[in-house]
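Chains, contacts and geometry: an overview
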Amino acid sequence: MTQSTLKRDCRLAEEISEEIRNLSDAYGNECWKKGGSRLAKTLLKDVPLTEDVPIKIRANDVGFGYGHQDILQNIDFTVREGEFVVLMGPSGCGKSTFLRLVSGLSLPTRGKLEIDGEPVRDTSIERAIVFQDYSLFPWLTTGENVMLALSQVMKKKKKEIQQVAQEYLQMVQLEHAFDKYPGQLSGGMRQRAAIARALALSADLLLMDEPFGALDPVTRVHLQDLILQLWQDRRQTVLFVTHDVEEALFLADRILLFSPGPPSIVAHELKIPFARPRQRKKVFQSPEFTELRDQLMDHMNKGLFEKLEREETVFYPGDRI
Ligand SMILES: Nc1ncnc2c1ncn2[C@@H]1O[C@H](COP(=O)(O)OP(=O)(O)OP(=O)(O)O)[C@@H](O)[C@H]1O
C-alpha cells in the first residue's frame, strides 16, 4: 500500500466514523436501517448516476381518471435512486395527479406503480410532499408544524426537536416566524414553512409540487440553491413540478414533459448534461443552456398548438387555483 492510498483510506475511515456518530445522534438505535442507507448515500454522493443505481420509482402503463374522464394514460418510466427529475407540462395535464399517485394519496386506475420494487398502496413517512397549497396545520404554530414532522423521524426530547425545527426554519429564512400561526403568514412564507417541514423529514423521496410558485425572485433563487445543496448532500430522489423552464434546467438531471391532455402521456424526455455541483452563472451562460431552453420551449409550444388546432380549451398556470 502506498502512502497516498493509506492516507486516502484513513481519511475515508474518519469520514465514516464521523457520519456514524452523526447518524446515531440524530436517529437513535431504532433507525439504523434508515441511518445505514443515508450513510451509503453520503459516501456515494459524488459518484455519478449510472445504470447500476437501483430503480426508485417504476411506472408501468399507469393510468388514472376521475369518473369517466381519463387524466393520465400509458405513463411508462423509471426514476433511479438519487435522481432529480422535473415534471413539466401545461396546466391541467396531470402533474399534481401523478405526484399524488407516487405519494400514495391516490391509486392508479390501471397499470403498475412501484417504489423500491413494491406497489404503492398507501402514503409513507419515506415520501415527503410539498403541495401547491402548503397544507400546514392551521391550529399549530409554524415551529410546531415542523416539530410535528420531526417527531415522526427523531426519537429525541422536545427541546432538541425544537432546536432542529428552528434550524430548518432558518434554512428557509423563517426563524422569526417560529411562534406565528400559518394564518399570520404571507403565501410565500407559508410555502417556505411547508418546504422546511418536508425537508425536516429527510425522506428518501421528496415530492415537490410547484414549491417556489408563490415566492419572490430573490427568495426563489435562494431556495433553488438550498434544494440543490441539500440534494447534493443527501442524495434523496426528487420529483419536482414547475412551470419555470430555467428553474427546470438548472435543477434537473432529467425533465419529463407531459402532453396537454387529458388524457396526458409523457410526450418527451430531456436529459440535462450540466456537471454537478452546478454553478448558476456557469449553467445560465453556457451555449447548451440556450439550446436546451429552446428545445424545451419548442416541445411545450408544439403540444399547446396541437391542442388549439383540435379546438380544445387551453388553461394557463393558476387558472385552476
Ligand atoms: N378532484 C378532482 N375531481 C375531478 N377532476 C379533477 C380533480 N382534481 C383534478 N382534476 C382534473 O384533473 C386534471 C389534472 O389536474 P392536475 O391538478 O393534476 O393538473 P396539473 O398538471 O398539476 O395542473 P397545474 O399545472 O395547473 O397545477 C385537470 O383536468 C383537473 O381539472
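To start, this report covers the structure provided alongside it. This structure is a prediction, so every number in the text was calculated from the model and none was measured. (Residues numbered from 1 in each chain as written. Predicted model: local features only at pLDDT ≥ 70, side-chain atom pairs only at ≥ 80, totals over all residues. Heavy atoms only, no water.)

Strands sit in the order E2-E1-E4-E5 across an open sheet of 4 strands; the sheet is antiparallel. Looking at which strands have only one partner, the edges of the open sheet turn out to be strand E2 (69–80) and strand E5 (118–119). As paired strands, strand E1 (residues 55–66) and E2 are joined by 8 bridges and run antiparallel to one another. Directly across from phenylalanine 64, in E2, lies its bridge partner leucine 72. (Pairing = 2+ DSSP bridges. Helix = DSSP H or I, 4+ residues; strand = E, 2+ residues; numbered from the N terminus.)

Bringing a nonpolar patch on the surface into the picture now. A cluster of nonpolar residues, Phe137, Trp139 and Leu148, forms a patch on the protein surface that exposes about 320 Å² of accessible area. For phenylalanine 137, the location among the structural elements is in the loop between strand E6 (127–130) and helix H4 (142–153). (Patch = residues over 30% accessible without salt bridge, like charges linked within 9 Å, V, L, I, M, F, W, Y side chains within 5 Å. Areas by Shrake-Rupley, 256 points an atom, 1.4 Å probe, with all protein chains shown as cover. Salt bridge = Lys/Arg side-chain N within 4 Å of Asp/Glu carboxyl O.)

A separate point is the sheet that holds strand E7 (residues 205–209). Spatially, 6 strands are ordered E6-E7-E8-E3-E9-E10 in an open sheet, and the strand pairing comes out mixed. Strands with a single pairing partner mark the edges of an open sheet, and in this sheet they are E6 and strand E10 (266–271). Sheet twist, expressed as the mean angle between neighbouring strand axes with direction ignored, is 15°. Here strand E3 (residues 84–88) runs beside strand E9 (residues 254–258); their pairing, made up of 4 bridges, is parallel. Bridge pairing links valine 85 to arginine 254 in E9. Helix H3 (residues 95–103) rests against E3, E6, E7, strand E8 (237–241) and E9 of the sheet, and its axis sits at about 155° to E7. (Axes fitted to C-alpha atoms, helices over the stretch in contact; angles between N-to-C directions. Contact = heavy atoms within 4.5 Å.)

On to the packing of aromatic side chains, then. Evaluation of the coordinates by the stated rule reveals 10 aromatic pairs. Here the aromatic rings of phenylalanine 64 and tyrosine 66 are separated by 5.1 Å at their centres, their planes lie at 90°, and the arrangement is edge-to-face. For tyrosine 66, a relative accessible area of 47% puts it in the partly exposed group. Ring pairs connect the aromatic residues Phe84, Phe212, Trp231 and Phe240, which therefore count as one cluster. (Phe/Tyr/Trp six-rings, centres within 6.5 Å; stacked < 30°, edge-to-face > 60°. Buried < 20%, exposed > 50% of the residue type's maximum accessible area, 1.4 Å probe, protein only.)

This part covers helix H6 (residues 187–200). A rise of 1.5 Å per residue sets the reference length of H6, with its 14 residues, at 20 Å; its end C-alpha atoms lie 20 Å apart and thus fit the reference within 8%. Burial analysis of H6 places 12 of its 14 residues in the buried class, the great majority of the element. Among the residues making up H6, those that are buried are Gly188, Met189, Gln191, Arg192, Ala193, Ala194, Ile195, Ala196, Arg197, Ala198, Leu199 and Ala200. For H6, the secondary structure elements touched by its buried residues are E6, H4, helix H5 (158–171), E7 and helix H7 (217–234). (Expected span 1.5 Å × (residues − 1).)

With that settled, the discussion passes to the side chain of serine 259. Within the secondary structure layout, serine 259 lies in the loop between E9 and E10. Ignoring any residue separated from it by four or fewer positions in sequence, one finds serine 259 in contact with Pro90, Cys93, Ser264, Ile265 and Ala267.

All right, on to the pattern of salt bridges then. Within the structure shown, the criterion is met by 12 salt bridges. In this structure, the salt-bridge partner of aspartate 244 is arginine 220, at a minimum N-O distance of 3.7 Å. Remark: arginine 220 occurs in helix H7 and aspartate 244 occurs in the loop between E8 and helix H8 (245–251); sequence separation between them is 24 residues. The exposure class assigned to arginine 220 is buried, which follows from its relative accessible area of 16%. Salt bridges here are not isolated pairs; linked through shared partners, they connect Lys56, Asp116 and Asp204.

Let us look at the environment of valine 85. In this structure, valine 85 sits in strand E3. Sequence separation between valine 85 and leucine 256 is 171 residues, and the spatial gap between their C-alpha atoms is 7.3 Å. When neighbours within four sequence positions are excluded, valine 85 is seen to be in contact with Val79, Val238, Leu239, Phe240, Arg254 and Leu256.

For the pair H6 and H7, the least separation of the axes is 13 Å and the interaxial angle reads 5°. With respect to H7, the element H6 is oriented roughly parallel. Seen from H6, the contacting residues are Arg192, Ile195 and Leu199; seen from H7, they are Thr219, Leu223, Leu226, Ile227, Leu230 and Arg234. Its residues assigned to classes, the contact of H6 with H7 comprises 6 nonpolar, 1 polar and 2 charged. (Parallel < 35°, antiparallel > 145°, perpendicular 65-115°, else oblique. Nonpolar A, V, L, I, M, F, W, Y, C, P; charged D, E, K, R; others polar.)

Here we take up unusual backbone geometry. That bond from arginine 276 to proline 277 is cis: its omega, -10°, falls within 30 degrees of zero. As for its placement among the helices and strands, proline 277 is situated in the loop between E10 and helix H9 (280–285). Positive phi values are uncommon outside glycine, yet aspartate 61 reaches one of about 55°. Looking at the secondary structure, you find aspartate 61 in strand E1. Look at glutamate 210: it is not a glycine, yet its phi comes out positive at around 45°. Mapped onto the secondary structure, glutamate 210 falls in the loop between E7 and H7.

Among the 5 residues of E7, 5 are classified as buried, and the element is accordingly described as predominantly covered. Here E7 shows no split at all, with Leu205, Leu207 and Asp209 on one side and Leu206 and Met208 on the other all buried. Here E7 pairs with E8 via 5 bridges, running parallel. Bridging across to E8, leucine 205 finds its partner in threonine 237. With H7 bridging E7 and the parallel E8, this β-α-β connection has right-handed handedness. (Right-handed = clockwise from strand over helix to strand, strands pointing away.)

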